[in-house]
Amino acid sequence: MYILKNALRSIGRAKGRNILIGVIVLVIAVSSCLALSIRKAAETAREETLSGLEVTAQISLDRMQLMENAEPGSHERPDMSSMLGALQGADSLTLEEMETYAQAECVKDFTYSLTASLNSADEDTFAPVDTSVSFSEENSENAEENTMPGPGGDMPGDKDQGAGPAGKPGMGSQGDFTVIGYSFLNAMADFVSGTSTVTEGTVFDEDTEELQCLVSDELATLNSLSVGDTIELMNPNDEEEIVTFTITGIYSNSESSTLEGGRMGGFSAAGDPANEIYTSYAALKKVADTSAENAETAVDEETGVETSTAIRTQLSGVYSFASAEAYEKFEEEARGLGLDDAYSISSSDLKNYENSLIPLENLSKFALYFLIVVLAIGVIILIVLNIFTIRDRKYEIGVLTAIGMKKRKVALQFIIELFIVTFSSILIGVAVGAAVSVPTTNALLETQISAQQEQQNTIANNFGRPNMPSDRGEEPQMMQNAGMEPNGGNTYIDQVSSATDWTVVLQLMGIGVLLTIVSSCAAMVFILRYDPLKILTNRD
């Protein structure tokens, strides 16, 4: 008790010195509180986002694996013909195989869709929304001449050549409309998320085989269509094959081609989201099966490429998981159910999630480095101040030890004094740091996001692309015209709602103990080395 009372009296006698130490510790406490709060905010945002993230994944052919496993050539490495043969001979998963892997315990839900590429039977009555890149008349004539003969007549030999279902070659050309047949309504992700909404009419029955569909409001406006009207679509490989769909609803897509300058859906209208037509899987499967039954096939004698007049289709399945942990288990379970190494499992949700955290993770790393520097400088300053304090109070130490107080008790008194000053400053620093942590974190996070976007702009400029405007809300014209979102479609986490919590407070208390112990070590060494008789003899 005497040591505590004496420590309090000493603090009162040397107010100036202790105020200086308190201010230094306060600065350290506020800086440390901000750094720890930023790191805690990043950790909390990561956990909250991940816990609320419903992960979806797809199984696709691993083309790199196929090429690596191709038959070796003359140099014990696969040659080009072997690799091309491996790619052309690979098959995409069938629906039955997809459903087999959907039986894995970690899979929460499984949906699938069928995509087909069709043309308008009569563009005078039903034309696609077309804002694609225009070719010169000369290039157009060259494109018409560049055709590949097939059983259904000449088929364009442009980018569509050799791009058939499941990557099979020679299955014909691509149409202007993308027709997507969904297995279940919850597979229509844009409608579930609210990006797309039915504005007129209603959605088709998910299990119907009747040719019912949804068309975009832009497509409906262009062709003066309304609910109940019919549209005629044609197989681009066989002009005699026509299917008629009845419009049950018209939908609006908030991310459709309304940007300045239009959107460039590749080099054809099929890439424009306004030309996406939705129907049920059963209806589109019926159309595809009928087309396949009536299709004509032929093999080119020179290239050996097989061509067909069947409608191009692509089957895709989406596996949903309740958490990222469940997704991580899926590959092991799918392999156990027979999934070949030629197929890979990927999730764009996790990739987008990781990309959204980039600015926050960068800020968290900066906060860690800042914390280390602050603590290092703070410890050095406190050690120097304590050394000078001990030298100034050398006579007091000599008197206390001369009257019988043990040196370790004298050292304990000095440590208690420092503890009282340090923790008083830390408590004030916690209050100040907690008050400014959220706005400071959000301001720094905004700066990080701007820096990330500026870096992407610089890279774009290095490739000769237009620069992104300084306003964060605007998209670069180059991306608008290409139908792309800035930052690769990433949505960065740009705000945190909380930063300082009890974990941060406890960490700051630990920092206070660490600062006191480390800075007191030098003082203790000096005290233990002092000889009280020499101190009293050489008072001056």
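All figures in this text were calculated on a predicted structure; none of them were measured in a lab. (Residues numbered from 1 in each chain as written. Predicted model: local features only at pLDDT ≥ 70, side-chain atom pairs only at ≥ 80, totals over all residues. Heavy atoms only, no water.)

In this section: empty space enclosed by the protein. Summed over the entire model, instances satisfying the criterion amount to 1 cavity of 30 Å³ or more. Of the pockets and cavities examined, the largest cavity occupies roughly 140 Å³. Together, 14 residues line the largest cavity, and Asn386, Thr389, Phe414, Glu417 and Leu418 are the ones closest to its centre. For the lining of the largest cavity, the secondary-structure elements that each account for two or more residues are α2 (15-51), α12 (358-392), α14 (407-462) and α16 (502-529). Among the elements that make up the lining of the largest cavity, the one with the highest residue count is α14 (5 residues). Grouping the constituent residues of the lining of the largest cavity by class yields 7 nonpolar, 4 polar and 3 charged. (1 Å grid on protein atoms, 1.4 Å probe; cavity = no way out; pocket = protein on both sides within 12 Å on 5 of 7 lines; lining within 4 Å. Points joined across faces, edges and corners; volume = space filled by probe spheres on them. Helix = DSSP H or I, 4+ residues; strand = E, 2+ residues; numbered from the N terminus. Nonpolar A, V, L, I, M, F, W, Y, C, P; charged D, E, K, R; others polar.)

The next subject is helix α10 (residues 324-336). For α10, built from 13 residues, the straight-helix expectation of 18 Å at 1.5 Å per residue is met to within 8% by its first-to-last C-alpha distance of 19 Å. A bend of about 30 degrees at Phe330 is the largest found in α10. Every buried residue of α10 is listed here: Ala324, Ala326, Tyr327, Phe330 and Ala334. Gly338, located one to two residues past α10, shows a positive phi value of around 110 degrees. (Expected span 1.5 Å × (residues − 1). Bend = angle between axes of the 7 residues up to and from the residue. Buried < 20%, exposed > 50% of the residue type's maximum accessible area, 1.4 Å probe, protein only.)

A contiguous patch of negative charge, built from Asp122, Glu123, Asp124, Asp130 and Glu232, is present on the exposed surface. Topologically, Glu232 is positioned in strand β8 (residues 230-235). (Patch = residues over 30% accessible without salt bridge, like charges linked within 9 Å, V, L, I, M, F, W, Y side chains within 5 Å. Areas by Shrake-Rupley, 256 points an atom, 1.4 Å probe, with all protein chains shown as cover. Salt bridge = Lys/Arg side-chain N within 4 Å of Asp/Glu carboxyl O. Lys, Arg positive; Asp, Glu negative; His and termini not counted. Charge placed at Lys NZ, Arg CZ, Asp CG, Glu CD.)

Glancing now at helix α13 (residues 394-402). For α13, the set of buried residues is Ile397, Gly398, Leu400 and Thr401. Relative to the axis of α13, the buried residues are bounded by an arc of 165 degrees and lie together on one face. (Arc of directions from axis to C-beta.)

Below, the discussion takes up the confidence of the model for the chain. Confidence along the chain averages 76 in pLDDT terms, with 73% of residues attaining 70 or more. For residues 467-489, every residue scores under 50 in pLDDT, and the model assigns this stretch 44 contacts once sequence neighbours within four places are set aside. (pLDDT = per-residue confidence, 0-100. Contact = heavy atoms within 4.5 Å.)

With that out of the way, let us pick up the side chain of Thr279. Mapped onto the fold, Thr279 is located in strand β10 (residues 276-280). Apart from residues no more than four positions distant in its own chain, Thr279 is found in contact with Val179, Ile180, Gly181, Tyr182, Phe204, Gln212, Cys213, Phe245 and Leu284.

On to unusual backbone geometry, then. For Ser224, which is not glycine, the phi dihedral falls at a positive 55 degrees. Locating Ser224 in the fold gives a position in the loop between α8 (217-222) and β8. You can call Ser224 exposed: its relative accessible area is 63%.

Buried together is how nonpolar side chains tend to be arranged in soluble globular proteins. Among the nonpolar cores identified, the biggest contains 89 residues, and Ile277, Tyr319, Phe321 and Phe330 are the most heavily contacted of them. Ranked by residue count, the leading element in this core is α2, at 12 residues. Each residue touching Tyr319, except ones within four places of it in the same chain, is listed here: Val55, Thr56, Ala57, Ile59, Met98, Tyr101, Ala102, Val107, Asp109, Phe110 and Phe330. The next biggest cluster of nonpolar side chains, apart from the first, holds 8 residues, and it includes Tyr182, Met188, Phe204 and Tyr251. (Core = buried A, V, L, I, M, F, W, Y, C linked by side-chain atoms within 4.5 Å.)

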